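Listed here are the chains, written in short residue letters.
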Amino acid sequence: MINEITLDDIKDYYSEAKRSGLLFCKTTKLYGLYIGNDLVGFTGIIFNKNKATFKNHYVIDKHRGKGYFKQMFIFSINLCKNKGIKVIEAVCTKMSINTYYDYGFKPVKRYKHLVKVRYENL
């Protein structure tokens, strides 16, 4: 189950997530993926008119490799479609970039260890 959450709900995972390159922003709407009562991952989206920016797609270490990232990713795309979003952008790490490519995102800028991607016309 995916529910809206707050930064306080993920405070135990800040250090772990920051080591993976995540940056947190107070304007990000956060959503947590729960299996039973256990938080297994979280994702964030910044909504701005017809554009959304994906932030903080993250699966907690002990829950990786079980398809949770894709589950949150699909949730995020569907949420954007339902809100009438036309463009989605994200800055991806090596761990997530292939999922973005699999769903049709295209690279628009490359950084030393990151890639900015965009998907248009949802």
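Here, the structure is the one placed above.
Residues numbered from 1 in each chain as written. Predicted model: local features only at pLDDT ≥ 70, side-chain atom pairs only at ≥ 80, totals over all residues. Heavy atoms only, no water.

Visitor: Looking at this model, I keep getting lost on the environment of A52. Mind explaining?
Guide: Tracing the sequence through the fold places A52 in strand β4 (residues 51-59). What makes A52 buried here is its relative accessible area of 0%. The spatial distance from the C-alpha of A52 to the C-alpha of I85 is 6.7 Å, given a sequence separation of 33 residues. If sequence neighbours within four positions are ignored, A52 has contacts with I45, I46, F47, C80, I85, V87, I88 and E89. (Helix = DSSP H or I, 4+ residues; strand = E, 2+ residues; numbered from the N terminus. Buried < 20%, exposed > 50% of the residue type's maximum accessible area, 1.4 Å probe, protein only. Contact = heavy atoms within 4.5 Å.)

Visitor: Where do I start with the environment of V91 in this structure?
Guide: Tracing the backbone shows V91 in strand β5 (residues 87-92). Here V91 falls in the partly exposed class, since its relative accessible area comes to 45%. Separated by 25 residues in the primary sequence, V91 and K116 have C-alpha atoms spaced 4.2 Å apart. Each residue touching V91, except ones within four places of it in the same chain, is listed here: L114, V115 and K116.

Visitor: Is there a simple way to explain unusual backbone geometry in this structure?
Guide: As a rule of thumb, non-glycine residues mostly have phi less than zero, and peptide bonds are mostly trans rather than cis. Even without being glycine, K49 reaches a positive phi, approximately 55°. Note that K49 resides in the loop between β3 (38-48) and β4. When its relative accessible area of 77% is taken as the criterion, K49 is described as exposed.

Visitor: What is the right way to look at the packing of aromatic side chains in this model?
Guide: In this description, a pair of aromatic rings is defined by centroid distance and the angle of the planes. The final tally for this structure, using the stated rule, is 11 aromatic pairs. Plain terms: the ring middles of Y100 and F105 are 5.0 Å apart, the flat faces sit at 85° to each other, and that makes the pair edge-to-face. The two residues Y100 and F105 agree in class, both being buried. Each member of the aromatic cluster is reached from another via a ring pair, and the members are F54, F69, F73, Y100, Y103, F105 and Y119. When the ring centre of F47 is taken as reference, the NZ or CZ atom of K83 above it lies at 5.0 Å. (Phe/Tyr/Trp six-rings, centres within 6.5 Å; stacked < 30°, edge-to-face > 60°. Lys NZ or Arg CZ within 6 Å of the ring centre and 35° of its normal.)

Visitor: I would appreciate a short explanation of the pattern of salt bridges in the present structure.
Guide: Close approach of charged atoms lets side chains of opposite charge pair. Applying the stated rule across the entire model yields 5 salt bridges. The partner of D61 in a salt bridge is R64, and the shortest N-O contact between them spans 2.7 Å. A relative accessible area of 30% means that R64 is categorised as partly exposed. Because the salt bridges share partners, they merge into one network encompassing K51, E89, K116 and R118. (Salt bridge = Lys/Arg side-chain N within 4 Å of Asp/Glu carboxyl O.)

Visitor: What's the story with helix α2 (residues 68-82) in this structure? I'm lost.
Guide: At 3.6 residues per turn, the α-helix brings residues three or four places apart onto the same side. Along its 15 residues, α2 runs 21 Å from first to last C-alpha, staying within 8% of the 21 Å computed at 1.5 Å per residue. Every buried residue of α2 is listed here: Y68, F69, M72, F73, S76, I77, L79 and C80. Residues of α2 that are buried in the fold lie against β1 (2-5), β2 (29-35), β3, β4, β5 and α3 (97-102). Remark: G84 follows α2 within two positions and exhibits a positive phi of approximately 80°. (Expected span 1.5 Å × (residues − 1).)

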